[in-house]
Amino acid sequence: MRAEQVRRVADSSVMDSALMGGYAPLAMMVVDPFKDQLVAANQAACQWLCIDDPLPLVTPFSHRLSASLPLWVSFTDEVLARNTAWSDDLVLLDMQRQPYRVEVYAQRIDDTSQLLLTLIDRNKAEQQRAKAELGRQHRQGEVGWQRVEQVFERIEKQNQLILSAAGEGIYGLDAEGKTTFVNPAAERILGWSTDDMVGHDAHIMFHHTHADGSHFPVQQCPIHASFSDGQVHHVDNEVFWHKNGEAIPVEYTSTPIFEMGRLVGAVVLFRDIRERKRAEQQLRDALAEVETLKQRLELENEYLQEEIKAELNHRDIVGNSPAVAKLLKQIEMVAPTSANVLISGESGTGKELIARAIHAGSTRSDRPLIRVNCAAIPRDLFESEFFGHVKGAFTGAVQDRPGRFELAHGGTLFLDEVGEIPLELQSKLLRVLQDQQFERVGDNRTREVDVRVIAATNRELREMIDEGRFREDLYFRLNVFPIDSVPLRNRIEDVPLLARHFLHRACLKFNKPGVRIPPAQFEILQRYPWPGNIRELENVIERQVIVTQDRRLVFDDLLLGEPPRSLKHSSALTSDARENTVNSAAALLTEHALSQQQRESTISALTQARGKVSGAGGAAELLGIKPTTLASRLNKWGIEAREFRQRKTKL
């Protein structure tokens, strides 16, 4: 056994000596694949690979393998498993990064992980074999030459079959950038035929311009860079131009071609990635849609939180008067339909309450009711508020934002104070009502929505139409089903029910249980004209619940326009205060006298304004009331404003 070990050591020493001494005519080297290190090389290998550094080399051996590193890994595994292996697929780089195709014979050195490699330059070997073959054919005569031609023809046919079967486009270039061959897939993708392309500059023909239309200098082209640096270039996102002028997104790989160690051209393999681009765009669109839905849900949640905080009992319309019965009947008829509704009436009559009742009774009740107070939106933000905007549409638009119409998709949009919408926006609103389509501010994409619109106003839209401040076609589009919100004075019999309803809510709100309204006080509440309508009644009840000391509400001073006082407070009045109260009682007016005085004052204002109801200098402005309130009073008294337009103002 010891003699055998000595023989192996001796053999190894002889081999190392032969390797390092330069006796072998072929390039030979010792490589440790586990340490990734070139351990030793003979003189032929050092000259071939331009190795001047002392061995073993410090730099990893894998740096010499370029793109063939995966092949080297599988090759070394085969050598270690079988002790020997051969390959002609590897490419080695010399110390100057010049590539060489090589044939490699490898043998595992006994009991070590090191490999002895014998290298042959494939280009030179093929030349030598071809020369030897030519010599044999020359000696064999004409028959031999015919056989050579057949061999080359067979190789050519095989190459053509391979090129024709490839699904990717493939074309070759010489060192000047002229096309040398084109496969059928390249013809199909680019629209150019082989005759069109061969012999012509490929860059000028279909690679001359970037995707954005800017010029693509040939000096910056990665394909042409292969002619100078001898490297493989892979590009993932560029365009080739079809013969018809269409830009085709492609990814390609440009591989240099060497002949006798000299760069003579390149082969370009490219793939049409239009389908991939479309899939990527669909994915981006889907992600954008998810983000939009996320924003929409967040905004809807904000609106729902606002509704909860408002503590609105919107499904309860309190009252049993004929006016309320008529209103409930109208709501019952229109709620299940998709018709637009226009609610008209004075402020404080519960127009929003009616809108919510219509929405609650509709098939859209599972979607939100989005409220827009048109009187509270700045004039220059109306369009963005209604239709949304895209990022960068204007200063402050830092991200995409959906508008109220998008948030109301599938539900109901309540436009409160619709008469306040600027005239220039009314045409866009009309288009949405007609076509259910709109564009965000700064966007050219048309979006479709399914929205039911309920509008409310306390203004005379007919007068605004006559004055050119409201579009008549928009009025008709909104006024499909008109509903009048009756003022409280026209349903005075509902005051006790409403007062009890608001009292119950106020007691819960302010944590003051047991507060009641004495029966005699309901008569006072019914005698008051309630110019502020239901909202004023609710405020009066809440105020009295707050100030009461004995859990009984009194409204003795309501008709005087003074803050009401509780009975306990009245019993504590001094004698001077009682005397003042008696003197004040002498100035009290009955309901009839108060109404008559109000009527005479209204007639005087109409006379002075020459029949003008609203606007600057109108009777409503002179009286300090809203035009809708004045119009309601004139209707109640049977007074026609136009009768005063020809009268002269009495001085």
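Reading the values: the criteria
Sequence order as written defines the numbering, with residues in each chain counted from 1. Given that the model is predicted, a residue must reach a pLDDT of at least 70 before its local features are reported, and side-chain atom pairs must reach 80 or more before they are shown or counted; all residues, however, enter totals for whole chains, interfaces and linings. Remark: hydrogens and water are excluded; side-chain values derive from all non-hydrogen atoms of the structure. Only DSSP runs of H or I with at least four residues qualify as helices, and only runs of E with at least two residues qualify as strands; both kinds are numbered from the N terminus onward. Note on contacts: a residue pair is in contact if any heavy atoms of the two residues lie within 4.5 Å. Per-residue accessibility, obtained with a 1.4 Å probe over protein chains only, is compared with the maximum for each type, and a residue is labelled buried under 20%, exposed over 50%, and partly exposed between these values. Under the convention used throughout, the expected extent of a helix is 1.5 Å for every residue step, that is, one less than its residue count. Strand pairing requires that DSSP identify at least two bridges connecting the strands.

Student: Can you explain the environment of valine 79? Please cite residues and give values.
Tutor: Following the sequence through the fold, valine 79 ends up in helix α3 (residues 69-82). Excluding residues that lie within four positions of it along the chain, valine 79 makes contacts with Thr84, Ala85, Ala106, Gln107, Arg108 and Leu115.

Student: Could you give an account of helix α25 (residues 627-637), naming the residues involved and the relevant values?
Tutor: For α25, the full list of buried residues reads Thr628, Thr629, Leu630, Ser632, Arg633, Leu634 and Trp637. Positive phi appears at glycine 638, one or two residues downstream of α25, with a value of about 70°.

Student: I'd like a rundown of helix α18 (residues 495-510), residues and numbers included.
Tutor: For α18, spanning 16 residues, the distance from its first C-alpha to its last is 22 Å, which sits close to the expected 22 Å at 1.5 Å a residue. Those residues of α18 that fall on the buried side of the exposure criterion are Val495, Pro496, Leu498, Ala499, His501, Phe502, Leu503, Ala506 and Cys507. For α18, the secondary structure elements touched by its buried residues are α19 (519-527) and α20 (533-547). Within two residues after α18, asparagine 511 carries a phi angle of roughly 55°, on the positive side.

Student: Describe the environment of glutamate 643, listing the residues and the values that go with them.
Tutor: Note that glutamate 643 resides in the segment after α25. The exposure class of glutamate 643 is partly exposed, given its relative accessible area of 48%. Along the primary structure glutamate 643 and threonine 607 are separated by 36 residues, whereas in three dimensions their C-alpha atoms are 9.3 Å apart.

Student: Report on the pairing of strand β5 (residues 99-108), specifying residues and quantitative values.
Tutor: As defined by bridge partners, strand β3 (residues 84-87) adjoins β5 across 4 bridges and the pair is classed as antiparallel. What sits directly across from tryptophan 86, in β5, is tyrosine 105. Bridge analysis of strand β4 (residues 91-93) against β5 gives 3 bridges, and the strand direction is antiparallel. In the strand pairing of β5, valine 91 is matched with arginine 101. Two successive antiparallel strands, β4 and β5, enclose a turn made up of 5 residues, where arginine 97 displays a positive phi of approximately 65°. Where β5 lies against strand β6 (residues 115-121), 7 bridges are found, and the strand directions are antiparallel. Counted as the bridge partner of alanine 106 is leucine 117 from β6. Counted along the chain from β5 to the antiparallel partner β6, the turn is 6 residues long, and its residue aspartate 111 has a positive phi close to 55°.

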